[in-house]
Structure formats: structure tokens, C-alpha cells
Amino acid sequence: MSLFTDAQRVIPGGVNSPVRAFASVGGEPVFFKSASGARFQAEDGREFIDYVGSWGPMILGHAHPDVIEAVVATAQSGLSFGAPCVLETQLAEKICSMLPSIDKVRMVSSGTEATMSAIRLARGHTGRDKIVKFEGCYHGHSDSLLIKAGSGALTLGVPSSPGVPAGLAEHTITLSYNDIDAVRAAFAEVGDQIACVIVEPIAGNMNMVPPVDGFHETLREECTKAGALLIFDEVMTGFRVAKGSAQSIFGITPDITTLGKVIGGGMPAAAYGGRADVMASIAPDGPVYQAGTLSGNPVAMAAGLKTLEMIDDDEFWASLTAKTRKLVDGLAAAAADANIPVAVECEGGMFGLVFTDAGPVRSYAQVAAADVDRFTKFFHGMLAAGVYLAPSAFEAGFVSAAHSDDDLDETIAAAAKVFASL
Ligand code: KE4
């Protein structure tokens, strides 16, 4: 018996989120026992340098003492009230101060809840049903967003999971990420029926794919022209790629922003926020309903607030960006020395590594054509060397403030050996 087979007896797939099961890379998942800074200890005694960081939240490193202190102190005064508390106002004020596009923000408990609510808000505010998303982007598992492209760009969406009614899927238009012409064509054809466009401003769920010049400007322009809302899903990029999130990098003002991961500091917290006139449509101010028992609970608020307070600092971002740049430059050089074609990306504390000889990755098609087998061998080689990467070729990686130069040097040295073995 193993911990994994024990778990599989009572939990579907032995995990509480599918990607954790190592299905796409094979082998049994590593069971974490404890984590601190850039490293974690597994139940079997092994230690790893961690580049997943709970899929983004652990930007300060695991178990940062100041965050732990804030959580413990708050927990001692009560875990959840289901009633307003000052910490909710304080975190909301912090988010609004760091993201000028957000006049008002509603806390929820997961990124899925944030994007699901943002879509409902857009539909309720505009009175329209259609939404536009992009192939390769992931926005959580709510029904309207588990949709893949139909046969043609503008054909009705088709569910990407059983359980999603076709009648709902047909309202979701799925286009190719970075395809400016496809965006213009969609708006030309059905612009007056589109409630919103939802997009990852830097895609992080098909490995890391940055926008091409003009892509976000086109989304902004077409949404404004058509009276549709532009939703930047910054659940992953929010306070991960820059102090002002991705929207500050591209100088785009979305109508709604969804957030998660970092704003909870490792605790369950996410949010959606935006223009005052749009947020006025949300209950109890407006008619669009959304609610949550644990929304804004004090412990999660305390973890998120302390985290944002500590990263609201230009020095922090200069240092984190330099660490990530050092990592990807080292990985690229090691791959080149071994004649292994890879494409790397990095922004703030987020990075991507794709096994491809097609140059910089700017589309889902390029990611889909990448050498997944080679990634899988690389993943296991790095795991054996004590480096924990995301167990999927279609995920981004994350560096924390706790990753030291020694950690990065150790990682690059391990990569050099593994690349040479591929
Ligand atoms: P959650 O419901 O998992 O908190 O957030 C959904 C979500 C929404 N939007 C974006 C851009 C996201 O990246 C996510 C979740 N990201 C994945 C990692 N690719 C979470 C990991 C998992 O599914 O276990």
C-alpha cells in the first residue's frame, strides 16, 4: 500500500484537484509533509526545491513567518463569522490601492467562484448571453467556462466536460489566443450579443504564453465599441507578474478583474472587482446574485493582507524578477549546451519552459505541437534531482522571494545534467 493508494480508496483519483495526480507525467504524486521557504519535505523524507508554490499563492515562499503570525493571531480571535469584519475592508482597500482599475471588489473563496461570478455579472449588467474565451486559457471549472472551440471559430461551443448542458455551451465562443483577426471577426458578426470577453492577460494554463502586440488593445477596443465587458482573469497573474499585475504591464484597463492565489497568501481567498458602475449590479446593491458562507473570512483575509503588504514594494519586484530571469536564462543556456530546443518565458515571478524548436510560443497550437514526451522525461529527471516542477507540460512555473541564488544554481546544474540525458 502507498499513501496514494490509501487516498484513492476514499478520494476520487486520490486527489482533490486532478492535476495533482501526476496523470500526464506518470508515476505517483509526491505527498508533501511540510514546507518552508523555497523547499518542502515529502512524507518519504525527500526534500525538493519547489517551483509550483501551490500553483502560485506562495510568492513569499512557504510558511513565511510574518504570514503565519498573522494567521495564528487572527485565528485565535475566531475562524469565521459570516458577518462583516474590518479585515475584509482592509484587504479590499489594499487591492483597490494596488489595481486602479478596481473601484470595488467582492471576496469569494476560489478562482472558479471569482470567474463564474464575473461572467454572471457581465451577463446581468449587459443583458447579453454570449461570452468569448480563448483556447488554452483556463478560468476554473464553472459550466460556461469548461467549453472548447466548436469545429469552426464561430461555431457554437461544445462542452469540454460531461455535465455541461449543450444549451449553455452554445453561448460560449472560443477563439484562438492572440488571434486578432478572429476577435475582430467575432465582434463583427455577433458583437451586440457579447456580454464579455474573458482572457488570461498572460496565459499560464497552456504553459506560459504572452500576448502578441495589439492583442489586448484589440480586445479593449472591440469590447468598448460593442458595449461588452473586458474581464482580465488575473487569478494567476495577479500580483504574480508585477506589483500592478498583468494589466499594469500592458497598460490595459479591464472592466472586471478576477483575482485569487496570491491574494489569499495560501488561504482560500479570491475576488472579482472592477468599475463602480459594473459592481453596482451585484447584490445587495444590484440584482445580480452572488454569495458565499466563507467569503471574506478573517483568517484568509489576514493571510492575504499580510502577503500583499509585503509585496507592495518595488525592491521586492526587482529582486523576484531578477531571480526568475536568472532561472530561465540558466535553463535556456543548459538546454542549448545539450542541443535541446526549448522556448522560455518569464515575467515577474512566473516562468514557462516549452520543449519546441518553433521559437517563442504565442499560440495554443504551438504548445499542442510541443514535445510532451521530452517534457515528461525532463520532469522526472528533475524530480529525481530534488527539483519539483509542475507535473504537466501545460502549466507555468513560479519562483518565490525565498528562492536563493544557491537554490537557483542547484536547479540549473540539475537541469544541465537532465538535458544532457534527454
Ligand atoms: P481555482 O478555482 O483553482 O482557485 O482557480 C481557477 C483558476 C482561474 N483562473 C486562472 C487563470 C487559473 O489559473 C485558475 C487555476 N489555476 C490552476 C493551475 N493551472 C489551479 C491548479 C489546479 O487546478 O489544481
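All values reported here derive from a predicted model rather than from experimental measurement.

A. Expanded view of helix 10 (residues 298–311). The end-to-end C-alpha separation of helix 10 is 20 Å, in line with the 20 Å expected for 14 residues at 1.5 Å each. The element helix 10 is largely enclosed, with a buried count of 11 among its 14 residues. Buried residues of helix 10: P298, V299, A300, M301, A302, A303, G304, L305, T307, L308 and I311, and no others. Turning to helix 10, the residues buried within the fold contact helix 2 (65–75), helix 3 (86–98), strand 4 (104–108) and helix 11 (314–337).

B. Quick peek at empty space enclosed by the protein. Counted under the stated rule, the structure contains 3 cavities of 30 Å³ or more. A volume near 130 Å³ is recorded for the largest cavity. Taken together, 13 residues line the largest cavity, and the ones lying closest to its centre are F351, L353, F375, L389 and E395. Elements supplying a minimum of two residues to the lining of the largest cavity: strand 14 (350–354) and helix 13 (372–384). Broken down by element, the residue count for the lining of the largest cavity peaks at 3 residues, all from strand 14. Within the lining of the largest cavity, the residues separate by chemical class into 8 nonpolar, 4 polar and 1 charged.

C. Focus on the pairing of strand 2 (residues 39–42). Covered by surrounding structure in strand 2 are F40 and A42 only, the residues R39 and Q41 on the alternate face being uncovered. Bridge count between strand 1 (residues 32–36) and strand 2: 4 bridges; the pairing is antiparallel. When the bridges of strand 2 are listed, F32 appears paired with A42. Counting the residues in the hairpin turn of strand 1 and strand 2 gives 2 residues, including G37, whose phi is positive at 60°. In this sheet, strand 3 (residues 47–50) lies alongside strand 2 in antiparallel orientation, the contact comprising 3 bridges. The residue of strand 3 that forms the bridge with Q41 is E47. Hairpin connection from strand 2 to strand 3: 4 residues lie between these consecutive antiparallel strands, with G45 at a positive phi of about 95°.

The rules we used
- Residues numbered from 1 in each chain as written.
- Predicted model: local features only at pLDDT ≥ 70, side-chain atom pairs only at ≥ 80, totals over all residues.
- Heavy atoms only, no water.
- Helix = DSSP H or I, 4+ residues; strand = E, 2+ residues; numbered from the N terminus.
- Expected span 1.5 Å × (residues − 1).
- Buried < 20%, exposed > 50% of the residue type's maximum accessible area, 1.4 Å probe, protein only.
- Contact = heavy atoms within 4.5 Å.
- 1 Å grid on protein atoms, 1.4 Å probe; cavity = no way out; pocket = protein on both sides within 12 Å on 5 of 7 lines; lining within 4 Å.
- Points joined across faces, edges and corners; volume = space filled by probe spheres on them.
- Nonpolar A, V, L, I, M, F, W, Y, C, P; charged D, E, K, R; others polar.
- Pairing = 2+ DSSP bridges.

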